[in-house]
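# Fold and geometry: a report
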Amino acid sequence: MTSEEIYIKIEPIIKNYLPEDVSKMEISRESDLTKELNINSAHLIDIVLDVEDVFDIEIKNEDLEKLRNLNDVINLIKKKTE
C-alpha cells in the first residue's frame, strides 16, 4: 500500500475528530495532530482505534508516543502492514 493510499484512508478519520475551530482544509501530512489540528488526547485515542480497525493493525503505547503528524501515522502503518 502506498503512502497516498494510506493517506486517503486516514484523512476522513482525522476529519471526524477535528474541533470546530479547525478547518478541514488545514489538514496536511505535516500537520501536528495536537498543536496545529487541536486534536485532544481523548480524540487521539479514538483516531488510533479507528486506524487499527481500518488497517487491521495494533498500535502500542510506545508507538503512540511517536505519532506527531500524519506522516508519522502513515510511516507506522506502512511498517506494520509490510
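Residues numbered from 1 in each chain as written. Predicted model: local features only at pLDDT ≥ 70, side-chain atom pairs only at ≥ 80, totals over all residues. Heavy atoms only, no water.

### Let's talk about helix 1 (residues 3-16)
The end-to-end C-alpha distance of helix 1, which contains 14 residues, comes to 20 Å, matching closely the 20 Å that a straight helix rising 1.5 Å per residue would cover. In the structure, helix 1 departs most strongly from a straight axis at I10, where the bend amounts to approximately 25° and where the proline P12 lies between one and four residues downstream. Contacts from the buried residues of helix 1 go to helix 2 (41-55) and helix 4 (70-81). (Helix = DSSP H or I, 4+ residues; strand = E, 2+ residues; numbered from the N terminus. Expected span 1.5 Å × (residues − 1). Bend = angle between axes of the 7 residues up to and from the residue. Contact = heavy atoms within 4.5 Å.)

### Some words on the nonpolar core
I10, I14, L33, L37, I39, V51 and I77 are the most contacted members of the largest nonpolar core, which totals 26 residues. Those residues within four positions of V51 in sequence are excluded, and the remaining contacts are I13, D56, I57, I59 and I77. (Core = buried A, V, L, I, M, F, W, Y, C linked by side-chain atoms within 4.5 Å. Buried < 20%, exposed > 50% of the residue type's maximum accessible area, 1.4 Å probe, protein only.)

### Overview of the packing of helix 1 against helix 4
Where helix 1 meets helix 4, the closest approach of the two axes is 10 Å, and the angle between their N-to-C directions is 125°. It follows from the interaxial angle that helix 1 and helix 4 lie oblique. By crossing handedness, the relation of helix 1 to helix 4 is classed as right-handed. Contacts between helix 1 and helix 4 involve S3, I6, Y7, I10 and I14 from the first element and L70, V73, I74, I77 and K78 from the second. (Axes fitted to C-alpha atoms, helices over the stretch in contact; angles between N-to-C directions. Parallel < 35°, antiparallel > 145°, perpendicular 65-115°, else oblique. Left-handed = near helix turned anticlockwise from the far one by under 90°.)

### Focus on the side chain of D32
With respect to the helices, strands and loops of the structure, D32 is situated in the loop between helix 1 and helix 2. Buried and unpaired, D32 has K35 as its nearest opposite-charge partner, separated by 4.9 Å. One polar contact links the side chain of D32 to the main-chain amide nitrogen of K35, over a distance of 2.8 Å. Filtering out sequence-adjacent residues up to four positions away, D32 remains in contact with L37, R68 and N69. (Lys, Arg positive; Asp, Glu negative; His and termini not counted. Salt bridge = Lys/Arg side-chain N within 4 Å of Asp/Glu carboxyl O. Polar contact = N/O pair within 3.5 Å; in protein donor to acceptor, adjacent residues only side chain to side chain.)

### Some thoughts on the environment of R68
If you trace the backbone, R68 turns up in the loop between helix 3 (61-64) and helix 4. Overall, R68 belongs to the partly exposed group, its relative accessible area being 48%. Taking C-alpha positions, R68 is 20 Å from D21, a pair spaced 47 residues apart along the chain. Beyond its immediate sequence surroundings of up to four residues, R68 is in contact with S31, D32 and L33.

### Here's the deal with unusual backbone geometry
Not every positive phi belongs to a glycine, and N38 is a case in point at roughly 55°. Structurally, N38 can be placed in the loop between helix 1 and helix 2. Residue N38 is classed as partly exposed on the basis of its relative accessible area, which comes to 35%.

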